[in-house]
Amino acid sequence: MNERPDCGGLIKQISDEMRKKANNAIRSYNITLAQLGALIELERAPDGQRSLKELEKLLHVAQSTAAGIIARLEQKGFVQGFEATDDRRVKLVRITPDGQACVHNSLQKRNVAEEELLGGLTEAEQKQFYILLKKVRDSIG
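Definitions and cut-offs
Residues numbered from 1 in each chain as written. Predicted model: local features only at pLDDT ≥ 70, side-chain atom pairs only at ≥ 80, totals over all residues. Heavy atoms only, no water. Helix = DSSP H or I, 4+ residues; strand = E, 2+ residues; numbered from the N terminus. Expected span 1.5 Å × (residues − 1). Buried < 20%, exposed > 50% of the residue type's maximum accessible area, 1.4 Å probe, protein only. Arc of directions from axis to C-beta. Salt bridge = Lys/Arg side-chain N within 4 Å of Asp/Glu carboxyl O. Contact = heavy atoms within 4.5 Å.

K.L.:
I tried to follow helix α5 (residues 97-118) on my own but got confused; where do I start?
P.N.:
The terminal C-alpha atoms of α5, which comprises 22 residues, lie 31 Å apart, in line with the 32 Å expected from a rise of 1.5 Å per residue. Buried within α5 are the following residues: G99, C102, V103, S106, A113 and L118. An end-on view of α5 places all buried positions within 120° of arc, on one side of the element. Away from its buried face by more than 90 degrees, α5 exposes P97, V112, E115 and E116.

Structure below.
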């Protein structure tokens, strides 16, 4: 009998391995992947800052989780929290130069890990792999 391959199992194995490598790569910064995700979203912002509410939505986490992530990043000096001048109820978060350096170095390490992951594929196969991954992602969401 010709059984269908376990795509979910293969995707999980790849994901687990990438997560392990990513955690090892950022270990020296003493941050989590969720914290790195917040830093990346701040780095992407035109002025390096976002509201806590924006981060909550971008990270797909509850308000309390977003607040905890930012509080820990603030303790480490990677972000600064402050109140909006026009509405003191709105908390804004700005990435610091140390946070920018963390993002830059972490993304370099991520790129090395992805090159290792995709090293067995030709450039054309890598492009096709990304296309297929996006297609699968879009079909389930």
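The rest of the description comes next.
K.L.:
What is the right way to look at the pattern of salt bridges in this model?
P.N.:
Any two side chains of opposite charge can pair if their charged atoms end up close together. Under the definition given, this model contains 10 salt bridges. The partner of K53 in a salt bridge is E56, with the nearest N and O atoms 3.7 Å apart. Here E56 and K53 lie together in helix α3 (residues 52-59), a separation of three residues that amounts to about one turn. Under the relative-accessibility criterion, E56 is labelled buried at 14%. Here K91 ties to E74 by a salt bridge, and the two come within 3.9 Å at their closest N and O atoms. A residue pair is termed long-range when its members are at least 10 positions apart, and K91 in strand β3 (residues 91-95) and E74 in helix α4 (residues 63-75) qualify at 17 residues. Residue K91 is classed as partly exposed on the basis of its relative accessible area of 35%. Judged by its relative accessible area of 31%, E74 falls in the partly exposed class.

K.L.:
Could you clarify how one ought to interpret the side chain of Q35 in this entry?
P.N.:
Position of Q35 among the secondary structure elements: in helix α2 (residues 33-44). By relative accessible area, which is 3% here, Q35 ends up buried. Those residues in contact with Q35 that sit more than four places away from it in its chain are N30, I69, R72, L73 and K76.

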